[in-house]
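Here's the letter readout for the chains.
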Amino acid sequence: PTAPYWTGFDGPNCFWGGLGYDETTDDFLVVVGWRSSGNKNQWHYFSVRTNSWKEIEVSHLPPHEPNTYCAVFCNGAIHWLAWKGPDVGITIVAFDVARKHLSMMSLPMVSLRDIQGCPKRMLNLFGGCLGISYRTKDRKAGLWVMKEYNVESSWTKLNVVLPGDDVIYFLLCFTNGGEFVGMQFNN
């Protein structure tokens, strides 16, 4: 089938995507989005089972700008970090693959002070839980994990002790033994 049509790129974060599996229909979905002219977001999904594209309704969502390099599949939904503007900051956009519904999830309010000014933020799975890792202004790694899915009060900050003062680490995931896997950046 013909893919949805977009007219070009308006800025650095104007095309995003993700992959999810719908157990209820035994179907893989490819979700894509882009910012069209007028800075309006367009979202579509492709069903592998039906070999067809469908548009995703977004009019119920406030303006947002999803992160282009990080989509995480967890608890039956594909998740992206998204920027909602200077007054609100960042949030999580989630696409429920069974319901074919797009929604927003909150980050812990206390974490916004930690996360907002960080140059590097990444959504990931940590021990099967949705989490956000980030590099702080003082070059340390921070980590918040949502222990109970879509329950804002279940966000838990984990303290991470990293070796070396001159090295920047970016946390990626946990091992089965509870150890961190991360990337090292040398400035």
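As shown above, the structure is provided for reference.
Since the structure is predicted, the reported quantities are computational estimates derived from the model, not experimental observations.

*Asks:* Whenever I open this one, the overall build of the protein chain confuses me. Can you help?
*Replies:* From N to C terminus, the protein chain includes 1 helix and 14 strands. Counting contacts in the protein chain only where the partners sit at least 6 residues apart, residues at least 24 apart contribute 40% of the total. Only carbon and sulfur atoms are counted for the fraction: they give 51% of the accessible area of the protein chain, which is about 10,200 Å².

*Asks:* Just to check I follow, could you spell out unusual backbone geometry for this structure?
*Replies:* When glycine is set aside, most residues are seen to have a negative phi, and most peptide bonds are trans. One non-glycine residue, Asp-26, lies in positive phi territory at about 50°. Within the secondary structure, Asp-26 is located in the loop between strand E1 (15–22) and strand E2 (27–36). For Asp-26, a relative accessible area of 53% corresponds to the exposed category.

*Asks:* Is there a simple way to think about the environment of Arg-135 in this case?
*Replies:* Within the element layout of this structure, Arg-135 appears in strand E10 (residues 129–135). Each C-alpha atom of the pair Arg-135 and Arg-121 lies 6.8 Å from the other, and the pair is 14 residues apart in sequence.

*Asks:* Explain the pattern of salt bridges to me, please; I cannot follow it from the model alone.
*Replies:* A side chain with one charge can pair with a side chain of the opposite charge if their charged atoms come near. For the coordinates displayed, the defined rule picks out 2 salt bridges. Where Asp-22 meets Lys-100, a salt bridge forms, and the shortest distance between an N and an O atom there is 3.0 Å. Highlighted residues: Asp-22 in strand E1 and Lys-100 in the loop between strand E7 (90–96) and strand E8 (101–105), separated in sequence by 78 residues. Given a relative accessible area of 2%, Asp-22 falls into the buried group. Under the relative-accessibility criterion, Lys-100 is labelled partly exposed at 28%. With a closest N to O distance of 3.9 Å, Asp-96 and Arg-99 form a salt bridge. Judged by its relative accessible area of 57%, Arg-99 falls in the exposed class.

*Asks:* Whenever I open this one, the side chain of Ser-47 confuses me. Can you help?
*Replies:* Among the secondary structure elements, Ser-47 is positioned in strand E3 (residues 40–47). We classify Ser-47 as buried; its relative accessible area is 4%. A distance of 2.9 Å separates the side chain of Ser-47 from the side chain of Thr-50, its partner in a polar contact. Those residues within four positions of Ser-47 in sequence are excluded, and the remaining contacts are Asp-27, Phe-28, Leu-29 and Ser-52.

The rules behind each value
Residues numbered from 1 in each chain as written. Predicted model: local features only at pLDDT ≥ 70, side-chain atom pairs only at ≥ 80, totals over all residues. Heavy atoms only, no water. Helix = DSSP H or I, 4+ residues; strand = E, 2+ residues; numbered from the N terminus. Contact = heavy atoms within 4.5 Å. Areas by Shrake-Rupley, 256 points an atom, 1.4 Å probe, with all protein chains shown as cover. Buried < 20%, exposed > 50% of the residue type's maximum accessible area, 1.4 Å probe, protein only. Salt bridge = Lys/Arg side-chain N within 4 Å of Asp/Glu carboxyl O. Polar contact = N/O pair within 3.5 Å; in protein donor to acceptor, adjacent residues only side chain to side chain.

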